[in-house]
Structures are given as C-alpha cells and as structure tokens.
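The lines below spell out each chain.
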Amino acid sequence: MTVRLDKWLWAVRLYKSRSLATEACHAGHVKIAGRSVKPSRDVQAGEVITAAIGRVLRTVKVLALLEQRVAAKRVSEFLEDLTPPEEYARAREDFRQTMLQFPGGFGRPTKKQRRQLEKFFL
C-alpha cells in the first residue's frame, strides 16, 4: 500500500485540510530526512517527518499508513510524536506574549485584534 504524503499528513490530523498539507509541502515546510518533499511523494513506515505547523516545528515518525482520516484518539496508532517538549513550551510562551497585548475582560476581540491572532496562528 502506498499513500501520498499530503494525504497522510491530513489523515493523521497534522493539517486541517489536504490542500493545506499540499501548500505546506510546496512551501518547503515539510521535510523528510532534512529535504523538502513534494506532496505526491509516497510515505513509508519508519520515516521521520518534520512539519512546520504554525509556530511549532513538529517531528513525527510514521508508524503505519492510512488513506482515510481517523479520529483524534486513534492518531497515536499511526504516528509517534518526537517533537521536543521545549518546542511546545516555546509556542505556548509566544501565545501568552501575544495575548498580553490584549486587555482582558473586555469581551470579544476587535477586528484588528482578531486579525493579529489569525496572523499569529498562520
């Protein structure tokens, strides 16, 4: 069984849509063995994939192949997360710093604040 890289990234919920996974591959945000890869590349079990998702550089090992999207609870059957905890901590700290710019307790963010948040996460 062979599975395209963009399809696998979408199926294990690293990207919200297959087109986002494809765009990330074309932009060079997805690497296998340190090399940028095309979205049409076939994935094999045992490969280590590095993907820049937002501000987090996720590193995952392919445990099994799948073509259809699975429930979030089952994702651990198909990939092993090798991302260092410091990477998640750095992303959380960046988020906290961004949120400190917004005054708390004033309800819904303004359009400008929402755009800043969207820019931060994408």
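In this report, the structure presented in the accompanying data block is examined. In this text the structure is predicted, and so the values were computed from the model without any measurement.

**Some words on the environment of Ala-52**
Tracing the backbone shows Ala-52 in strand 5 (residues 48-53). For Ala-52, a relative accessible area of 25% gives the class partly exposed. Placed 38 residues apart in sequence, Ala-52 and Leu-14 show a C-alpha to C-alpha distance of 9.7 Å. In this view, Ala-52 contacts Tyr-15, His-29 and Leu-57; residues no more than four positions away in its chain are not counted.

**Overview of the pattern of salt bridges**
The final tally for this structure, using the stated rule, is 9 salt bridges. A salt bridge links Glu-87 to Arg-90, with the nearest nitrogen and oxygen atoms 2.4 Å apart. With Glu-87 and Arg-90 both in helix 3 (residues 85-100), this residue pair falls 3 residues apart, about one helical turn. For Arg-90, a relative accessible area of 40% translates into the label partly exposed. For the salt bridge of Asp-94 with Arg-90, the shortest nitrogen-to-oxygen distance reads 3.5 Å. With a gap of 4 residues between them, Asp-94 and Arg-90 both fall in helix 3, about one helical turn apart. Within the structure, one salt-bridge network assembled from shared partners comprises Arg-4, Asp-6 and Arg-18.

The rules behind these values
Residues numbered from 1 in each chain as written. Predicted model: local features only at pLDDT ≥ 70, side-chain atom pairs only at ≥ 80, totals over all residues. Heavy atoms only, no water. Helix = DSSP H or I, 4+ residues; strand = E, 2+ residues; numbered from the N terminus. Buried < 20%, exposed > 50% of the residue type's maximum accessible area, 1.4 Å probe, protein only. Contact = heavy atoms within 4.5 Å. Salt bridge = Lys/Arg side-chain N within 4 Å of Asp/Glu carboxyl O.

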